[in-house]
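Each chain, letter by letter, is given below.
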Amino acid sequence: MKASRGYTLVELLIASAVATTGLYASLNMVSYSTRGNTELRDVNAATGLAEHLIATMQAEGAMWVSDIPAETTPLFLKHLPMPPTAGLASDWQIAQFDTYSKDKRVGDLGNDGLVFDGGILQSIPSALSPRFCAHFRVIWVDESLVRGEVRVTWPRPHVNADQYIACPESMIYDVASVSTVTLMGTIMRNSSVN
């Protein structure tokens, strides 16, 4: 009878190298997948926030009167430059809802506390995930039609987010450190309101 033959040290080292390479590849794949899911989640949340702010502008349009007094106009339309001139645009403004805070960032839904957001605010606490910077501007199309633009920016995962607490407008140009979503919407004055 032949004696049973064991594995040599070289065979064990080769098997170990193959197993380690496979494990490393699997961990890399999981890491890239997780990173991709995080980025996709952020893009979805930023898009939702931008859509929410456009919808808020449109809701303001439903209450739009001929003369827009700054003290009674909600957040967005009070920034309309006057007189109404096609192509005349406001400067980019920070869509900040707590004017006393040094942290200008907002959460996924803005948490603006306006009348038409009451239901949202009952479900989403105002302090939830303040990581997005939202800027907006309004541009006249004609006397009763305005285009609203919303730009949402947020730092990429590898970046120190504290440097963007003030939400500077210049962060749009820092493409290596910041991701951006921009949406536009039409705001029409309610023709039944004088």
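Calculation notes
- Residue indices follow the written sequence of each chain, beginning from 1 at its first position.
- Only residues with pLDDT of at least 70 get local features here, since the model is predicted, and only at 80 or more are side-chain atom pairs given and counted; chain-wide, interface and lining totals rely on the full set of residues.
- To obtain the side-chain values, all non-hydrogen atoms of the structure were used and water was disregarded.
- Here is the rule: rings of Phe, Tyr and Trp (six-membered ring for Trp) pair when centre to centre is within 6.5 Å. Planes less than 30 degrees apart are stacked, more than 60 are edge-to-face, and the remainder are tilted.
- Numbering goes from the N terminus for both helices and strands, where a helix is a DSSP run of H or I of at least four residues and a strand is a run of E of at least two.
- Exposed residues in this analysis have more than 50% of their type's maximum accessible area, buried residues have under 20%, and partly exposed residues fall in between, with area computed by a 1.4 Å probe over protein chains only.
- Distance and angle both matter: a charge sits over a ring if NZ of Lys or CZ of Arg is within 6 Å of the ring centre and within 35 degrees of the ring normal.
- For two strands to be treated as a pair, DSSP must find no fewer than two bridges joining them.
- By nonpolar core we mean a set of buried residues, namely Ala, Val, Leu, Ile, Met, Phe, Trp, Tyr and Cys, connected to one another through side-chain atoms within 4.5 Å.
- Here, two residues are considered to be in contact whenever any of their heavy atoms come within 4.5 Å of each other.

**Q** I'd like a description of the packing of aromatic side chains, backed by residues and values.
**A** For any two aromatic rings, the description comes down to two numbers: the centre-to-centre distance and the angle of the planes. All chains considered together, the criterion is met by one aromatic pair. Ring centres 5.6 Å apart and planes at 75° place the aromatic pair F132 and W154 in the edge-to-face group. In this pair, F132 is assigned in the loop between α2 (118-123) and β2 (133-142) and W154 in strand β3 (residues 145-155), connecting sequence segments 22 residues apart. Of the two residues, F132 and W154, neither departs from the other in class, the shared state being buried. The side chain of R151 reaches across the aromatic face of W92, ending 4.0 Å from its centre.

**Q** Describe the sheet that holds strand β1 (residues 93-94), listing the residues and the values that go with them.
**A** Each strand in a sheet pairs with its neighbour through backbone hydrogen bonds, running either in the same direction (parallel) or in the opposite one (antiparallel). Reading across the sheet, the four strands line up as β1-β2-β3-β4 and stay open at both edges, with antiparallel pairing between neighbours. Whereas interior strands pair on both sides, the edge strands pair on one side only; in this sheet they are β1 and β4 (178-188). Sheet analysis places β1 next to β2, joined by two bridges and oriented antiparallel. By the bridge assignment, I94 is partnered in β2 with H135.

**Q** Account for the nonpolar core, naming residues and giving values.
**A** Ranked by internal contacts, the top residues of the largest apolar core, which has 24 residues, are M57, F132, V150 and V152. Mapped onto this core, the elements with two or more residues apiece are α1 (9-62), β2, β3 and β4. At seven residues, the largest contribution of residues to this core is made by α1. Leave out the neighbours within four places in its chain, and V152 touches A46, L49, A50, F132, C133, A134, S179, T180 and V181. Grouped together as the second largest cluster of nonpolar side chains are six residues, C133, C167, M171 and V178 included.

**Q** Mind laying out the pairing of β3, listing which residues take part and the relevant values?
**A** Burial analysis of β3 places 10 of its 11 residues in the buried class, the great majority of the element. Alignment of β2 against β3, held across nine bridges, turns out to be antiparallel. Each residue of the ladder has a partner; that of D142, found in β3, is L145.

**Q** How would you sum up the side chain of S90? Please name residues and give values.
**A** Structurally, S90 can be placed in the loop between α1 and β1. Beyond its immediate chain neighbours, meaning those up to four positions away, S90 contacts H79, P81, R137 and V138.

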